[in-house]
Structure formats: C-alpha cells, structure tokens
Amino acid sequence: DIKAKCIQIIKKSHSYNFVDFIESRMSSHQVVKSYQRLFLLGIKDELIEDEYQQLLSLSVVHFFALSGMHLYYLKKFISQIFSLVLNKEKSDIVVYLLLFMYLIHIPYSISLRRAFYMMILDVLLKRYFNKLDVYCLVFMAFLLKNPFYIYNYSFIFSFGIYLIVLLTHDMKYQEFYIYLFSLPFIIYMQNKVYLISYLFSLFLGIFVEYFYQ
C-alpha cells in the first residue's frame, strides 16, 4: 500500500455562493441552524447526529431532510407569489427556472432530482404519457446514468415510495396505504419499525404543509 501525507496547504480559496447566501441568513443558534441546513440544504452535521438517528428510527426523517415533498410545497409557495404578477404560463417558466437554480447549487439529492425531473417531464409529455410512464422514464434514466443507484438507499426509498403514491392516487386513506406499503422498505433499511411513527408522520405532514402555505 502507498500512503500520502499532506505536509502544507499552500493556498485555500472559497468563493461566495448560493449556499453561503442561505446560511448567512440562518439562525445564530447552532442547533437551530443545523436543522435549517438539513431542512433547506440537505446538509447533515454532527451536532444533530443523535436527533437525526431518532428521526430515522421513527421513519419521519424525510420531513426534515430534503425530499420531493419539500420541492412540491416549495413550487406551490413560489407559484402563489408569481401568479400575482404573471399569467400561469410565464409564472410556471419562472418557477421551474428558480427550482432548477436551487437544485444545482445544493448538495446532490436523488429524491429532489427525481421529483424535479418528473415535474418537468410531466408538463412536457402529459399529452403523450401518464405519470406512471414518466416515472418509468426517469427511473431508467437514473439507472442508465449510474446502474449502481439500484443499491443506493435514497434511490430505493425515493422511487419505491413514489411508486406507491402513484398506485394509490385514487384510493381512500392514501396516507395509511403509503405507510403500510412503505414498511418493507423501512424494515429493510432499519431492521425495525415503530408503530407510533404513522401518527407522528400525520402530525408532521400537516405542520410542514402549513409551513409552506
């Protein structure tokens, strides 16, 4: 084996970017800031590692980590603002451009990009394909880009749960069925499940939706 050691750092530079802009407007309280970074930028730090594991155990971590759900509510929120001054077509174009700029400036997230690509393709191809067709196109595109995504937990959970959402779209008590069919994914990834997590997720779902309204 060959090992290398850094003797001296000659120069270190950092350019001010979108992430820095967001972080500069976060809370001065370190724990609150850690949750804000997780919620807005998808960045998890050691300060909330224990709390993150508890959220993971309760199967509600997706409410705090960036996901397609956040992108949906963010789009809804921005659309309401621009719809006041623009017509729907122009408003949608501006919103999608802003969401795209947001995505390329934050750390890579499979769930966010899956949601964004489906959002765009659903608009562009809705005359020819339904949502399940678009889902399959995005699914294949991800695997063509990197076949090893099939072993990635984020990929499995994001695409697996969204498939359940699509299949139960017209069913009563959809939230319960989504939770029920997500249990195999949760057990596979965590080897345990807390039944109270369903009630907890319902409460947090209402809170998150209110937060974006």
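Residues numbered from 1 in each chain as written. Predicted model: local features only at pLDDT ≥ 70, side-chain atom pairs only at ≥ 80, totals over all residues. Heavy atoms only, no water.

Thoughts on the environment of glycine 68
In step 1: Within the secondary structure layout, glycine 68 lies in helix H4 (residues 68–82).
In step 2: Distance from glycine 68 to tyrosine 162, taken between C-alpha atoms, is 9.0 Å for residues 94 residues apart in sequence. (Helix = DSSP H or I, 4+ residues; strand = E, 2+ residues; numbered from the N terminus.)

Some details on the pattern of salt bridges
In step 1: What the rule picks out here adds up to two salt bridges.
In step 2: The partner of aspartate 92 in a salt bridge is lysine 88, with the nearest N and O atoms 2.9 Å apart. Here the residue aspartate 92 and the residue lysine 88 both occupy positions in helix H5 (residues 88–105), the gap between them amounting to four residues, near one helical turn.
In step 3: Accessibility expressed as a relative area gives 64% for lysine 88, which makes it exposed. (Salt bridge = Lys/Arg side-chain N within 4 Å of Asp/Glu carboxyl O. Buried < 20%, exposed > 50% of the residue type's maximum accessible area, 1.4 Å probe, protein only.)

A look at the packing of aromatic side chains
In step 1: Summed over the entire model, instances satisfying the criterion amount to 14 aromatic pairs.
In step 2: When the ring of tyrosine 135 is compared with that of tyrosine 162, the centres are 6.4 Å apart and the planes differ by 25°; the resulting orientation is stacked. In this pair, tyrosine 135 sits in helix H7 (residues 131–145) while tyrosine 162 sits in helix H8 (residues 153–167), placing the two residues 27 residues apart along the sequence.
In step 3: Note on tyrosine 135: relative accessible area 7%, which makes it buried.
In step 4: We classify tyrosine 162 as partly exposed; its relative accessible area is 21%. (Phe/Tyr/Trp six-rings, centres within 6.5 Å; stacked < 30°, edge-to-face > 60°.)

Considering H4
In step 1: Under the 1.5 Å per step criterion, the end-to-end length of H4 is 21 Å for 15 residues, consistent within 8% with the ideal 21 Å.
In step 2: Among the residues of H4, Gly68, His70, Leu71, Tyr73, Lys75, Ile78 and Ser79 are the ones counted as buried. (Expected span 1.5 Å × (residues − 1).)

Looking at the environment of phenylalanine 157
In step 1: Along the chain, phenylalanine 157 falls in helix H8.
In step 2: C-alpha separation for the pair phenylalanine 157 and isoleucine 186, spaced 29 residues apart in sequence, amounts to 8.3 Å.

Structural notes on the nonpolar core
In step 1: Leu41, Leu71, Leu99, Leu103, Ile106, Phe116 and Met119 are the most contacted members of the largest nonpolar core, which totals 15 residues.
In step 2: Of all elements in the fold, only H4, H5 and helix H6 (110–125) reach the threshold of two or more residues within this core.
In step 3: When residues of this core are assigned to their parent elements, the largest contribution, five residues, is made by H5.
In step 4: Met118, Val138, Phe142 and Phe155 belong to the second largest nonpolar core, which has ten residues in total. (Core = buried A, V, L, I, M, F, W, Y, C linked by side-chain atoms within 4.5 Å.)

As for a nonpolar patch on the surface
In step 1: A grouping of Tyr128, Phe129, Leu137 and Met140 is seen on the molecular surface, where their side chains present a nonpolar patch of about 410 Å² in accessible area.
In step 2: Secondary-structure assignment places phenylalanine 129 in the loop between H6 and H7.
In step 3: Among the residues examined, phenylalanine 129 registers a relative accessible area of 35% and is labelled partly exposed. (Patch = residues over 30% accessible without salt bridge, like charges linked within 9 Å, V, L, I, M, F, W, Y side chains within 5 Å. Areas by Shrake-Rupley, 256 points an atom, 1.4 Å probe, with all protein chains shown as cover.)

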